[in-house]
Every structure is written in structure tokens, then in C-alpha cells.
Amino acid sequence: MIKTEEKTCLNYVNGRWKSSSNGETKTNLNPADTNDVVGVVQKSTLEDVDEAVAAAKEAKTAWRKLSGDARGKYLYKVANILESRLDEVAETLTREMGKTLPEAKGETARGVAILRYYAGEGLREVGNVIPSTDNQALQYTNRTPLGVVGVITPWNFPVAIPIWKMAPALIYGNTVVIKPATEASVTCAKVIDCFAEAGLPEGVVNMVSGKGSVIGQRIAEHPDVNGITFTGSNQTGRHLGQIALARGAKYQLEMGGKNPVIVADDADLDLAVQATISGGLSSTGQKCTATSRVIVQSAVYDAFKAKLINKIEELNVGNGLSSENWMGPCANESQLEKVLYYIEKGKEEGATLLTGGNRLTDDEHKDGYFVEPTVFENVTNDMAISQEEIFGPVLGLIKVDTFEEAMKLANDTEFGLSAAVFTENIRKMLAFIDDIEAGLVRVNYETAGVELQAPFGGMKNSSSHSREQGRAAIEFFTSIKTVFIK
Ligand SMILES: NC(=O)C1=CN([C@@H]2O[C@H](COP(=O)(O)OP(=O)(O)OC[C@H]3O[C@@H](n4cnc5c(N)ncnc54)[C@H](O)[C@@H]3O)[C@@H](O)[C@H]2O)C=CC1
Ligand SMILES: O=C(O)CCC(=O)C(=O)O
């Protein structure tokens, strides 16, 4: 078991909790209050990865041969256990990466729902009967798991992302080795503890924490890892994709976004303001689906801007455990530095700061990585703050005269994850749906917050063009067998 009272989280390998082979650890601090030690996680070695992969390899045949129903029953059990521990897991999540407690509870509840959704997949159809040209033959497709799946996850959704990768991997018959982001490993260990408590067979789920460039790299390179599913930065994703491609492993990458909102001249401005704030600033802007570019038609620009700034200046920023605060800190020091760097860059490039722009350092905030929600105007689409993923609470307002100009700018980015339009005009809606280069298209709704039963993924440089979640997950986690029986 994880010794939470001692705050030490061990690796989980072959059904047992164990220290890294070199005994090295890292201490995770609360980004809202660095005096608060959230936990101590293992800084694992290559040997630890190899042991976990060997365990997953050993377990894969027996797990594959279980019925989908039997695998589903395990996932239902995990869901019930996680649900019973929701408050504890959510509180750890808030303390470890900073998002507010209501957001953390929502995310944990989403983890429970994802587990139940995929548990149900164990009883759904997996193939098709396809007519043969030979009327004496039966031809059909079946699905077979990849084998061992390496799961490499980021810190921004410490419960939901590991679960939305592991649950489909498992239900479709794969075994798993997960390496969570170091900054979120205490929370992930609690999630893994729910799998342990549910009594999954030894080796089916394994967790090894540690440095991405060592542990993640080894998982990607390991010849016995048959598939790699990753969410995180573009730089790391592309690197992992190349490793996987070079050795013929299947891979799936979900990466960055620079997600636009278009506010058309007929938009419901209150709705657009509320969705821009929720989409851009909740979780301190640390979502790949977060709104960052707000493209507004000139006829409503001043009215939209006034409402937006008014609402943003009412937001309380502080420790996410307090119900008084709407926005928590950046998840770690390097995120804070990155956000402050882009705020300076925006000013240097000629954007005008409308609100925010500072680190908060008063008594309540001095021990955390807090930054004010920040809005720039006079932003052009060629500025760094319009093109590079900031992953923080920074919005750039871009004024345009026509809807056509707005569409052109919305698509002028290397990314294509999510995008939203606010309009009451059906022709504008349809033009947006048809022409926007994004995997997640929202009309009169925020860019963030995906539905677990629907496919999720990006176009252009936001993904490897595969889709996660919903039934779409079956495409990555299985291979098709075409069967012909004469
Ligand atoms: N798309 C998304 O949801 C996310 C995007 N990001 C973006 O990435 C930026 C940097 O954040 P990081 O945490 O450094 O992201 P990252 O992409 O480096 O980390 C994501 C995961 O990959 C692992 N990793 C890192 N280097 C690796 C390597 N060489 N081989 C294998 N695994 C490796 C990390 O340990 C972590 O588990 C953020 O500022 C943000 O812009 C970060 C987290 C999530
Ligand atoms: O918006 C969401 O619910 C999901 C965002 C996401 O997948 C991410 O930030 O990595």
C-alpha cells in the first residue's frame, strides 16, 4: 500500500508497491504553498522500467484471454473504489498541481465515469460480418489487443488523463506500464492504488515514476512495449513519435493547442464572455484545449472587452483548497516562469496589457506560483503570444472587421485542437463548422472540457491524427484481424 501517512509513494510493479532500485526520491511541494509537502515519489531507474515491462509482458496473454465482461467487472470495481475515495484523491490533486477543489472533484468524478464507460465496452460488439464472394465462407473482423501499452501522461489532468488512456487499454485486453508526470505522481499513485485494491491480476497495471527523459524514454524505446500513448508538449511528443516509428511500435500523441474563439457581431456577449473566461482561465489556463486567442468583430469589440475585463477583475486567485478562490496557481515554478516570460514578450512585441500581467506576491500568495489572469489587446496573429502555447491564464484579443477575416486568423496557426464560435447566425455557424481546422469544434460553447464518450484529438500539429476517448479509442488500442472461414 502507499504509505500516505509517511507521504511516500512507491512504484507499483507486478502487483507490489516497491521503491526504485537506487532508492532515490523526489519531494513534491504544493504549488499554492511550497511549505506543504504533498508527497515523496520515486526517481526510478531503467532497471525499474524493465522490470515493469517484463511483468506486463508476462501478464498480457492471460489478461487478453479473459472475457471482455470479466475485464469490465474489474474496471467497475476500480470505479467504485475511486468514487469512495473521491474527496481524498481530489484534495491530493489540488494540493499537488493547484487546480481548485471543485475542478479536482469534477475531474475525479469524470475518472469514475470514464472507468464505467469503458467497463461497459467489455460487452459491446468488436467486429463486423463482411460478405464473402464465396457463398460457402464466413468472413468477419475481430479485434486483438496490442499487448503491452506504455502510457506517458502530463500533470494538468492527473486523474482523468491516466484513466482515459488506461481504461480503454485494459478493456480491450492490453496490459499497461504508466509513467505519470513527476509533478502529478502522488495523485497518480492514489489512482493506481484503486486498481491495486480492485485486485487486478499481477502485472496487468504497473506504475513507474521518474524523469521523462529517462523513464519515459525507456518506455518508448523498449522492444516489448507494443504501443505508446502520450499527452504533453509538442517537443516531447514528436520525439517519442520518432522513437516509436523507428522501431515499428504503434503510437498516439495528443499535444498542444492555440485555440481560438470567434465572437461574431451577432453573438450573445454574456455567453461569449462567460465561455472565454471558463475556457481560457479555469485550471489556470493549463489545458491543451484552453482558449488563448479571442478574435472579436469590431462592431461588438468594445462591449465585449468591457464585459470581459469587468468579470475577470472580479475573479479571486489563491489556494484552490479555499472555496473563495476561483483560480489556483501555476502548477510549478517553470510554468510560472514560462507565463511571465510570455507576458513580457507580449509587451515587447507591442500588445497592450488590459489587466493582470503580474506575479502575486502579497502575504496570501507569497509561497505559491500565482499569476494574475492577464488580457492583452492590440494583439496581432504573428506575435509569439498568438502562435506559441503559453499554458497559462493569458488571453489575447484580436480585433477584426469581418467574419471571413476572423476565420482566416483562427486557422493561421500550426495547431488545430479546439475552436469555438459565438454567433446566432446559422450561416456563420455552418461556415465555421466546415472551414475551421480543429478536431473539437464548439458553437456557442467554450473550447475546453471534453465529453468522455466522444472522440477527442486534434488536427495539424496538435496530435498524431489519432483520436482518444469514446469508441474511437478502440482504433488505437487494438488491431483488426480479418477472419475467413471456409
Ligand atoms: N497538451 C497537454 O495537455 C500538455 C501540454 N504541455 C505543454 O508542455 C509544456 C512543458 O510541460 P512538460 O511537463 O515539460 O511537458 P512534457 O511534454 O515534457 O511532459 C509530458 C510527459 O512526458 C514525459 N517526458 C518528458 N520528456 C520525455 C522524454 N524525453 N521521453 C519520454 N517522456 C518524456 C514527462 O515526464 C511527462 O510525463 C507546457 O508548458 C505546455 O505548453 C504540458 C502538459 C500537458
Ligand atoms: O478540456 C479537457 O477536458 C481536456 C483537456 C486535455 O486533454 C488536456 O489539457 O490535456
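Residues numbered from 1 in each chain as written. Chains lettered and ligands numbered in written order. Predicted model: local features only at pLDDT ≥ 70, side-chain atom pairs only at ≥ 80, totals over all residues. Heavy atoms only, no water.

Before going further, it helps to spend a moment on the packing of aromatic side chains. To describe a pair of aromatic rings, one takes the distance between the centres and the angle between the planes. Enumeration over the complete set of coordinates arrives at 8 aromatic pairs. Considering the side-chain rings of Trp-155 and Phe-391, the 5.5 Å spacing of their centres and the 80° angle between planes classify their relative orientation as edge-to-face. A residue pair is termed long-range when its members are at least 10 positions apart, and Trp-155 in the loop between strand E6 (148–152) and helix H5 (160–171) and Phe-391 in the loop between helix H12 (384–387) and strand E15 (394–400) qualify at 236 residues. Residue Trp-155 is classed as buried on the basis of its relative accessible area, which comes to 11%. On the numbers, 6.0 Å between centres and 80° between planes, the contact of Trp-164 with Phe-456 is edge-to-face. Of the two residues, Trp-164 sits in helix H5 while Phe-456 sits in the loop between strand E18 (440–443) and strand E19 (459–460), which places them 292 residues apart along the sequence. (Phe/Tyr/Trp six-rings, centres within 6.5 Å; stacked < 30°, edge-to-face > 60°. Helix = DSSP H or I, 4+ residues; strand = E, 2+ residues; numbered from the N terminus. Buried < 20%, exposed > 50% of the residue type's maximum accessible area, 1.4 Å probe, protein only.)

Arg-110, Asn-156, Cys-288, Thr-289 and Gly-449 are the nearest of the 13 residues found near ligand 2. In this structure, Arg-110 approaches ligand 2 through a side-chain N or O atom, which is 2.8 Å from an oxygen atom. Gly-449 places a polar main-chain atom, nitrogen or oxygen, 2.7 Å from an oxygen atom of ligand 2. Taken by itself ligand 2 offers 290 Å² of open surface, and the protein chains cover 99% of this. The residue inventory of the shell around ligand 2, partitioned by class, reads 7 nonpolar, 4 polar and 2 charged. Both domain 1 (2–255 + 463–485) and domain 2 (259–451) contribute no fewer than three residues apiece to the shell around ligand 2. (Near = heavy atom within 4 Å. Polar contact = N/O pair within 3.5 Å; in protein donor to acceptor, adjacent residues only side chain to side chain. Areas by Shrake-Rupley, 256 points an atom, 1.4 Å probe, with all protein chains shown as cover. Nonpolar A, V, L, I, M, F, W, Y, C, P; charged D, E, K, R; others polar. Domains from an automatic or database assignment.)

To continue, consider the side chain of Thr-374. Of note, Thr-374 is situated in strand E14 (residues 374–377). Overall, the relative accessible area of 0% leaves Thr-374 in the buried class. Of note is the side chain of Thr-374, whose polar atom sits 2.8 Å from the backbone oxygen of Glu-372. If we ignore the near neighbours within four places in the chain, the residues touching Thr-374 are Ile-343, Leu-353, Thr-355, Gly-356, Gly-357, Pro-393, Val-394 and Leu-395. (Contact = heavy atoms within 4.5 Å.)

Of all residues adjacent to ligand 1, which total 25 residues, the nearest are Thr-153, Trp-155, Ser-233, Gln-335 and Lys-338. At 3.5 Å, a backbone N or O of Ala-181 approaches an oxygen atom of ligand 1. Side-chain polar atom of Thr-236 to an oxygen atom of ligand 1: 3.1 Å apart, as the coordinates give it. Burial of ligand 1 by the protein chains amounts to 85% of its free accessible area of 800 Å². Mapped by element, the contributors of at least two residues to the shell around ligand 1 are helix H7 (212–221), strand E9 (227–231), helix H8 (234–247) and helix H11 (333–348). Looking at which element gives the most residues to the shell around ligand 1, the answer is H7, with 4 residues. Split by residue class, the shell around ligand 1 holds 10 nonpolar, 12 polar and 3 charged. Looking at which domains feed residues into the shell around ligand 1, each of domain 1 (2–255 + 463–485) and domain 2 (259–451) supplies at least three.

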